[in-house]
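# A structural walkthrough
Here is what each chain is made of, one letter per residue.
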Amino acid sequence: GAGVSQSPSNKVTEKGKDVELRCDPISGHTALYWYRQSLGQGLEFLIYFQGNSAPDKSGLPSDRFSAERTGGSVSTLTIQRTQQEDSAVYLCASSFKKQGAHTEAFFGQGTRLTVV
Amino acid sequence: QQPVQSPQAVILREGEDAVINCSSSKALYSVHWYRQKHGEAPVFLMILLKGGEQKGHEKISASFNEKKQQSSLYLTASQLSYSGTYFCGTALSNDYKLSFGAGTTVTVRA
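The rules behind the values
- Residues numbered from 1 in each chain as written.
- Chains lettered and ligands numbered in written order.
- Predicted model: local features only at pLDDT ≥ 70, side-chain atom pairs only at ≥ 80, totals over all residues.
- Heavy atoms only, no water.
- Helix = DSSP H or I, 4+ residues; strand = E, 2+ residues; numbered from the N terminus.
- Rg over C-alpha atoms; globule rule 2.2 N^0.38 Å.
- Buried < 20%, exposed > 50% of the residue type's maximum accessible area, 1.4 Å probe, protein only.
- Contact = heavy atoms within 4.5 Å.
- Disulfide = S-S within 2.5 Å.
- Polar contact = N/O pair within 3.5 Å; in protein donor to acceptor, adjacent residues only side chain to side chain.
- Pairing = 2+ DSSP bridges.
- Phe/Tyr/Trp six-rings, centres within 6.5 Å; stacked < 30°, edge-to-face > 60°.
- Axes fitted to C-alpha atoms, helices over the stretch in contact; angles between N-to-C directions.

## Let's talk about the overall build of chain B
Within chain B, the secondary structure is distributed over 0 helices and 11 strands. The order of helices and strands in chain B, counted from the N terminus, is β-β-β-β-β-β-β-β-β-β-β. The C-alpha atoms of chain B give 13 Å as radius of gyration, which agrees with the globular expectation for 110 residues (13 Å, within 12%). Each principal axis of the C-alpha atoms in chain B carries an extent, and together these give about 40 × 25 × 20 Å. Relative to its full complement of 110 residues, chain B shows a buried share of 50%. Contacts in chain B between residues at least 24 apart in sequence constitute 55% of all its contacts with a sequence separation of at least 6.

Rendered as structure tokens:
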């Protein structure tokens with residue numbers, strides 16, 4: 001596809017269950033971000049992958065959250081033992097370097113996670 | 001470090017102007033501006049690199065004051081379509097993550 005694809009678009013899960021959220025970035029984009037957006041709030045940084053470098057995990061709120069990026073492309077964000085406060089829209093974005101500088105980040109439509 | 005945006009919200013009538021500010025306590029490499037409409041993904045507006053350049057998108061322009069580590073987004077002769085939440089994203093280097101401010105909600109009324 002031409003844009004960043006996220007799946008599922010909506011996910012309702014029971015408290016305590018694990019969930020996996022998927023992000024398919026734009027082909028060739030070396031940078032991939034995960035952000036969390038609670039209702040009416042800003043974009044909370046979670047994790048950043050850049051090429052083959054070690055990911056910046058400084059935004060992950062707890063050890064229940066983890067993410068991986070396989071083959072420099074698809075990324076999966078995993079939340080274990082979900083809690084109600086994990087309910088939010090999880091946004092993925094990707095970008096690539098052009099002449100040493102980042103270009104714009106393209107956002108996916110997000111996964112709306114509801115923990116009941 | 002998350003940048004600080006101000007104001008939190010602004011209400012305009014069509015044709016009026018507004019300025020949104022984005023400040024950082026650290027030296028910035030780049031500032032990115034995005035607009036998000038309700039229920040949609042953020043959409044890119046422009047990038048500014050350190051050097052004080054100004055860019056434009058429609059009647060929306062921005063500047064970057066490297067000395068103050070501050071960027072300003074100017075909405076000129078606002079249109080109804082300008083309504084949404086504007087986010088600034090900042091990076092400390094070209095390899096660094098993008099951190100976003102809390103956003104400024106702009107409402108343009110007829």
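## Looking at the state of the cysteines
Summed over all chains, the structure comprises 2 disulfides over all chains. Across a sulfur-sulfur distance of 1.9 Å, Cys23 of chain A and Cys92 of chain A are joined as a disulfide pair. What sets the handedness of the Cys23 of chain A and Cys92 of chain A disulfide is the S-S torsion sign, and at about -65° it is left-handed. With Cys23 of chain A in strand β3 (residues 19–24) and Cys92 of chain A in strand β8 (residues 88–95), this pair connects stretches of sequence that are 69 residues apart. We classify Cys23 of chain A as buried; its relative accessible area is 0%. For Cys92 of chain A, a relative accessible area of 0% gives the class buried. Two residues, Cys22 of chain B and Cys88 of chain B, share a disulfide whose sulfurs are 2.0 Å apart.

## Some thoughts on the side chain of Asp56 of chain A
For Asp56 of chain A, the position within the fold is in the loop between β5 (44–50) and β6 (65–69). Looking at Asp56 of chain A, its side chain comes within polar contact range of the side chain of Ser58 of chain A, at 2.6 Å. Look past the residues within four positions of Asp56 of chain A in its chain and what remains in contact with it is Phe45, Leu46, Ile47 and Tyr48 of chain A together with Lys97 of chain B.

## A short note on the pairing of β3 of chain A
A regular strand places its side chains so that they alternate between the two faces of the sheet. All names here are of chain A. Every second residue of β3 is oriented toward a common face, the buried set being Val19, Leu21 and Cys23 and the non-buried set Glu20, Arg22 and Asp24. Pairing geometry for strand β1 (residues 5–7) and β3, over 3 bridges, is antiparallel. Counted as the bridge partner of Ser5 is Asp24 from β3. The sheet contact formed by β3 and strand β7 (residues 75–79) spans 5 bridges and is antiparallel. Directly across from Leu21, in β7, lies its bridge partner Leu77.

## A look at the packing of aromatic side chains
The final tally for this structure, using the stated rule, is 9 aromatic pairs over all chains. Taken together, a centroid distance of 5.2 Å and an interplanar angle of 80° make the contact between Tyr35 of chain A and Phe100 of chain B edge-to-face. One end of the pair, Tyr35 of chain A, is in strand β4 (residues 31–37); the other, Phe100 of chain B, is in strand β10 (residues 99–100), on a second chain. Across this residue pair, the class does not change: Tyr35 of chain A and Phe100 of chain B are buried.

## Description of the sheet that holds β6 of chain A
Residues and elements named next belong to chain A. Pairing in this open sheet of 4 strands is antiparallel, and the strands run β1-β3-β7-β6 from one edge to the other. Looking along the sheet, the strands with just one partner apiece sit at the ends: β1 and β6. Each strand axis lies, on average, 15° off the axis of its neighbour in the sheet, ignoring direction.

## Concerning the pairing of β7 of chain A
Residues and elements named next belong to chain A. Burial analysis of β7 places 5 of its 5 residues in the buried class, the great majority of the element. Here β7 shows a buried face lined by Ser75, Leu77 and Ile79 and a second buried face lined by Thr76 and Thr78. In the sheet, β6 pairs with β7 via 5 bridges, with the strands oriented antiparallel. Looking at β7, one finds that Arg69 is bridged to Ser75. Counting the residues in the hairpin turn of β6 and β7 gives 5 residues, including Gly71, whose phi is positive at 60°.

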